[in-house]
Each structure stands twice: as C-alpha cells, then as structure tokens.
Amino acid sequence: SSSHSDSISFFRRPSPSLTRPSIRVPAVLLACRGKPCSQAAQEMALPAPEGLVNGCGIEFDMKEAEASGKMKKDDPIQEHYKKTGFLGRLSGAFGDKKTMYCHHLTADGTPAVRAAKEAGVAPKSAEEAWEFLGKKPCCGRFAYDTSTGKLKCGPVIKGDHDNTNNPETCIFTAFGLPVPTPTQAYK
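The present account deals with the structure reproduced in this document. Everything numeric in this text was worked out from a predicted model, so none of it was measured.

### Regarding the side chain of Thr-169
Piece 1. Here Thr-169 lies in the loop between β3 (150-154) and α7 (171-174).
Piece 2. One polar contact links the side chain of Thr-169 to the main-chain carbonyl oxygen of Thr-164, over a distance of 2.5 Å.
Piece 3. Contact partners of Thr-169, with chain neighbours within four places excluded, come to Ile-77, His-80, Tyr-81, His-104, Val-113 and Thr-164.

Take a look at the structure:
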C-alpha cells in the first residue's frame with residue numbers, strides 16, 4: 001500500500017508502476033485526519049519558550065478591522081503577508097497568506113509597530129512590549145477559524161511558518177528586542 005506522502009488519489013489507488021512527485025503537505029493537515037484540527041495542532045505544538053504560551057486563543061476579526069479602518073485590504077502592511085511566486089500567488093488567490101504572529105497585533109487588532117510609533121512608545125524590554133500589546137506573552141500565530149470566520153491565535157509547530165518578523169510587522173524586531181517566535185517554527 002502506498003503512503004499518503006507518496007501519492008494522493010481521490011478515486012482509486014494509482015498503479016504501482018505509476019510514480020508521482022511528492023507533494024509537501026503541512027504536517028498539521030495530515031494530523032487532522034480523524035480529529036479536530038485544533039486538537040491536532042495542539043498535539044504538534046512546539047514547547048513554548050519560558051514565560052510564553054504557544055497560542056493564547058485571542059481572536060482577530062479582519063472584516064471588523066477593515067470596516068473600522070484599523071486595517072484595509074490595500075494597507076501597505078498586507079504586503080508582508082502575501083505569498084510570492086506562481087504557486088504563492090495561486091494559493092493567495094484562495095486566501096492563503098504568510099504567517100501573522102500574535103505579537104504583530106495589539107489586543108484591539110491594530111498593527112503593533114504602527115500603534116507603538118503613533119503612540120510614541122519605544123519598549124525597552126519584552127515586558128514593556130507585551131504591556132503595550134495588551135496581551136499575555138505568546139509565541140503563537142493566527143490561523144483562520146472556520147467556526148467563527150475570524151483569525152485565532154494557535155500554536156506554532158516545527159518548520160511550518162514564515163518568518164515575517166521584520167521592523168514593519170514585529171514590535172520586538174522594530175525596537176531591537178528578542179523575537180518570541182521559536183526559530184524551530186520557521187520553514
């Protein structure tokens with residue numbers, strides 16, 4: 001019998017003589033089979049660095065943020081989350097984006113670096129950054145929750161996330177502080 005990673009067939013098993021290229025499927029999608037994906041993601045979650053949680057569960061409503069003007073579809077910050085290349089543009093057309101980490105937004109859903117600069121805040125420690133964000137320290141990332149239609153902070157898993165931490169998106173990078181994302185989470 002062929003394994004899931006060797007081939008994908010929706011209707012019948014491929015002939016043993018037929019070889020297909022392997023397809024990289026995020027591990028969390030494979031693990032969801034037979035159980036809720038949130039449970040599967042929790043089971044595959046990287047251990048949180050000391051003092052952090054890996055996925056705090058906070059929700060972000062993109063539709064509400066667009067309606068209120070906190071973030072628009074054509075907001076320049078969106079460029080940091082767009083997939084690139086042919087396959088990236090194709091998956092992006094269906095809503096797939098690069099990783100947005102929990103610490104990229106304040107508790108009220110405002111882009112963190114923008115909010116800090118507008119408020120004249122320059123955190124000098126991780127504790128000051130978390131206080132400004134209005135969140136408990138978290139190394140999680142946002143993913144679409146089909147049950148609510150919102151983005152929800154969930155755990156990072158090994159080797160599955162984009163490093164979108166830069167001076168425009170990440171309050172820690174912008175102010176020279178250590179980034180809370182475990183490096184093992186990056187692709």
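From this point, things continue past the structure.
### Re the packing of aromatic side chains
Piece 1. Going through the model one piece at a time under the given rule, you end up with two aromatic pairs.
Piece 2. Consider the rings of Phe-60 and Phe-142, whose centres lie 6.3 Å apart with planes at 55°: the pair is tilted. With Phe-60 in strand β1 (residues 59-60) and Phe-142 in strand β2 (residues 141-145), the pair connects residues that are 82 residues apart, well separated along the chain. Per residue, the accessibility class of Phe-60 equals that of Phe-142, and both read buried.
Piece 3. An angle of 50° between the planes, with centres 5.3 Å apart, marks the rings of Trp-130 and Phe-172 as tilted. A residue pair is termed long-range when its members are at least 10 positions apart, and Trp-130 in helix α6 (residues 126-133) and Phe-172 in helix α7 qualify at 42 residues.
Piece 4. Here Trp-130 falls in the buried class, since its relative accessible area comes to 7%.

### Some remarks on the sheet that holds β1
Piece 1. With antiparallel pairing, the three strands of this open sheet are ordered in space as β1-β3-β2. The sheet is open, and its two edges are formed by β1 and β2, each paired on a single side.
Piece 2. Note that β1 and β3 share two bridges and pair antiparallel. Bridge assignment links Glu-59 to a residue of β3, and that residue is Lys-152.

### Considering the pattern of salt bridges
Piece 1. The full count for this structure, using the stated rule, is two salt bridges.
Piece 2. Of the charged contacts in the structure, one is a salt bridge between Glu-59 and Lys-150, with a shortest N-O distance of 3.9 Å. Here Lys-150 lies in strand β3 and Glu-59 lies in strand β1, a separation of 91 residues in the sequence.
Piece 3. Residue Glu-59 is classed as partly exposed on the basis of its relative accessible area, which comes to 36%.
Piece 4. Linking Asp-162 and Lys-187 is a salt bridge whose minimum nitrogen-to-oxygen distance equals 3.3 Å. Remark: Lys-187 occurs in the segment after α7 and Asp-162 occurs in the loop between β3 and α7; sequence separation between them is 25 residues.

### Some details on α6
Piece 1. Within the span of α6, buried status applies to Ala-129, Trp-130 and Leu-133. Along the axis of α6, the buried positions cluster into a sector of 95°, meaning they face one direction only. The exposed set on the far side of α6, more than 90 degrees from its buried face, consists of Glu-127 and Glu-131.
Piece 2. As for α6, its buried residues are in contact with α5 (112-119) and α7.

### Some remarks on the pairing of β2
Piece 1. Bridging between β2 and β3 involves five bridges; their strand directions are antiparallel. Counterpart to Phe-142 in the pairing with β3 is Cys-153.
Piece 2. Between β2 and β3, which follow one another and run antiparallel, lie four residues, and Gly-149 among them has a positive phi close to 75°.

### Points about the environment of Asp-145
Piece 1. Structurally, Asp-145 can be placed in strand β2.
Piece 2. Taking relative accessible area as the criterion, Asp-145 reaches 16% and is therefore assigned buried.
Piece 3. Through-space distance from the C-alpha of Asp-145 to that of Glu-59 is 9.0 Å; in sequence the pair is 86 residues apart.
Piece 4. Sequence-distant contacts of Asp-145, defined by excluding residues within four places in its chain, comprise Glu-59, Lys-150 and Lys-152.

The rules behind these values
- Residues numbered from 1 in each chain as written.
- Predicted model: local features only at pLDDT ≥ 70, side-chain atom pairs only at ≥ 80, totals over all residues.
- Heavy atoms only, no water.
- Helix = DSSP H or I, 4+ residues; strand = E, 2+ residues; numbered from the N terminus.
- Polar contact = N/O pair within 3.5 Å; in protein donor to acceptor, adjacent residues only side chain to side chain.
- Contact = heavy atoms within 4.5 Å.
- Phe/Tyr/Trp six-rings, centres within 6.5 Å; stacked < 30°, edge-to-face > 60°.
- Buried < 20%, exposed > 50% of the residue type's maximum accessible area, 1.4 Å probe, protein only.
- Pairing = 2+ DSSP bridges.
- Salt bridge = Lys/Arg side-chain N within 4 Å of Asp/Glu carboxyl O.
- Arc of directions from axis to C-beta.

That is the geometry; function is a separate question.
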